[in-house]
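Fold and contact review
These are the residues of each chain, in order.
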Amino acid sequence: MKKKLIIIGSSVVFVVGVIVLLSFTLFALREVRVDYRTSFTQEISEEEIIESGQFAYKASVFFHGKDRYIENIEKAYPYVNVINIETVFPSSFVVHIAQRQEVYALEYNGSYLICDEEFKVLKIENDYIATQENAIRLEGVTFQNETVNIGDYLNIESYYDFYNASVENNHPLSSMKTIIENISFSTVLDENIGQIQPIIQLSLFDGQVYIIKNCSYGLRAKVKLFYDLYSQVYTYIGQTVIINGEEVVLTEENLKNATFTIDNYYDYTQYDENDCYFDISQLTK
C-alpha cells in the first residue's frame, strides 16, 4: 500500500513538473502584436506601443497581469484605448486598440480639458474654438479631482449621458459635432411637480436651442425626439402657434433661432419614459 502511494505521488509530481516546464517553455511569451481596430490620427508605431506595455517576455502566458500592461500603454499614450489583450496560444499576445475620440471640451483654470466620452483627459489646450471638427464645449458639470493631468479620468458630477443616448439613436460623434456647438447642464424648478429638475441645453451651430427638461427620466427617447425635430423643423413653416399668448405664424427666419423644449408627460398611469413631446418656447421676430 505504501509503495502504491509512493508511485501515485511520484506520478503527480511528474505531471505537475511537466506542466510547469511547458508553461515556461512552450507557453512562454515570445511575441506581442498590435491589432488596430480604428485608424489613428496620431503617428504611434506598433513598436512604440509594445515597448510602452513593458511586457514580461519568457514568462508563461498563463501568469501575466494584463491589467498592468494596459495601464502602462494607456498612460504612455492617452489617445490609445486598449480594448483587450488576447492570448494566442502557445506563446503570443495580440493587443487590440482603438483611438479615443475628442468628445468634450471643459474649461478648467483658464485652459480647456479635451476629453473622450469616458472623461479621460486626452490633452489640455490654452484656447478653444468651437468648430464642427473640434470637441463639443461642455458646461455646467463639476468634477472632484484635486489636480488634473493628461491621462487622468475626471470624477464627473451633474452629468447625464447625452453621448451614449445619441449613439443609441444612431447619431455617433461625427453627427453630434456637425450639429451641436455647446452642451450645458443646469437645473430649473419644474412647476408640474414643484421640484428642482436637471435640464440639458443644446446650442446648435444653426442658431437654434433645444432644452431637454427632466433629463434624468427617459433621456434616450428625448434625445431621439431632439434629432427627429431637428431634421424636420422647417416642415412646420406656415403653421400657427401660440407663444406667450400671442399667435405667431412660423417662418423660416423665426425658426432659425427658435428655442424648443422637450419634456415628458406627467400622467404616469397613461405614459411611460418613452413618451415625450416638444413645445416652441421662444421665436425670433
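Residues numbered from 1 in each chain as written. Predicted model: local features only at pLDDT ≥ 70, side-chain atom pairs only at ≥ 80, totals over all residues. Heavy atoms only, no water.

On to the pattern of salt bridges, then. If you walk through the whole model with that rule in mind, you get 13 salt bridges. The residue Arg100 makes a salt bridge to Asp116 at a minimum N-O spacing of 2.7 Å. Of this pair, Arg100 sits in the loop between β3 (92–99) and β4 (104–108) while Asp116 sits in the loop between β5 (111–115) and β6 (121–125); the two residues are 16 residues apart in sequence, bridging distant segments of the chain. According to the relative accessible area criterion, Arg100 is buried, its value standing at 5%. (Salt bridge = Lys/Arg side-chain N within 4 Å of Asp/Glu carboxyl O. Helix = DSSP H or I, 4+ residues; strand = E, 2+ residues; numbered from the N terminus. Buried < 20%, exposed > 50% of the residue type's maximum accessible area, 1.4 Å probe, protein only.)

Glancing now at the packing of aromatic side chains. Taken as a whole and judged by the stated rule, the model has 24 aromatic pairs. With a centroid separation of 5.0 Å and 80° between ring planes, the pair formed by Phe119 and Tyr159 is classed as edge-to-face. In this pair, Phe119 is assigned in the loop between β5 and β6 and Tyr159 in the loop between β9 (156–157) and α4 (162–168), connecting sequence segments 40 residues apart. On the basis of relative accessible area, Tyr159 is assigned to the buried category, the value being 18%. (Phe/Tyr/Trp six-rings, centres within 6.5 Å; stacked < 30°, edge-to-face > 60°.)

On to the packing of helix α2 (residues 46–53) against helix α3 (residues 66–76). At a minimum axis separation of 7 Å, α2 and α3 run at an interaxial angle of 125°. In terms of orientation, α2 and α3 fall into the oblique class. Relative to α3, α2 is oriented so that their crossing is right-handed. Packed against α2, whose contacting residues are Ile49, Ser52 and Gly53, the element α3 presents Tyr69, Asn72, Ile73 and Ala76 at the interface. Residue composition of the contact of α2 with α3, grouped by class: four nonpolar, three polar and no charged. (Axes fitted to C-alpha atoms, helices over the stretch in contact; angles between N-to-C directions. Parallel < 35°, antiparallel > 145°, perpendicular 65-115°, else oblique. Left-handed = near helix turned anticlockwise from the far one by under 90°. Contact = heavy atoms within 4.5 Å. Nonpolar A, V, L, I, M, F, W, Y, C, P; charged D, E, K, R; others polar.)

It is worth spelling out the sheet that holds strand β1 (residues 31–36) at this point. Sheet architecture is open: three strands sit in the order β1-β3-β2, paired in mixed fashion. Strand pairing shows two members of the sheet lacking a second neighbour, β1 and β2 (80–88), which therefore form its edges. Shown here is a sheet whose adjacent strand axes are inclined to one another by a mean of 25°, direction ignored. Where β2 meets β3, eight bridges bridge the pair, whose relative direction is antiparallel. Pairing of Ile85 across the sheet is with Val95, part of β3. (Pairing = 2+ DSSP bridges.)

The biggest cluster of nonpolar side chains holds 48 residues, and the ones touching the most others in it are Tyr104, Leu106, Leu154, Phe162, Ile183 and Phe226. Considering every element that reaches this core, the biggest residue donor is helix α6 (residues 219–232), with seven residues. Not counting residues up to four positions away in its chain, the partners in contact with Phe226 are Phe162, Ile179, Ile180, Leu202, Leu204, Tyr210 and Ile262. One finds Ile44, Phe55, Ile70 and Val82 within the second-largest nonpolar core, a separate group that totals 19 residues. (Core = buried A, V, L, I, M, F, W, Y, C linked by side-chain atoms within 4.5 Å.)

Below, the discussion takes up a nonpolar patch on the surface. On the surface, Phe62, Phe63 and Phe89 cluster together into a nonpolar patch covering about 380 Å² of accessible area. Tracing the chain through its elements places Phe62 in the loop between α2 and α3. Judged by relative accessible area, Phe62 falls into the partly exposed class, the value being 45%. (Patch = residues over 30% accessible without salt bridge, like charges linked within 9 Å, V, L, I, M, F, W, Y side chains within 5 Å. Areas by Shrake-Rupley, 256 points an atom, 1.4 Å probe, with all protein chains shown as cover.)

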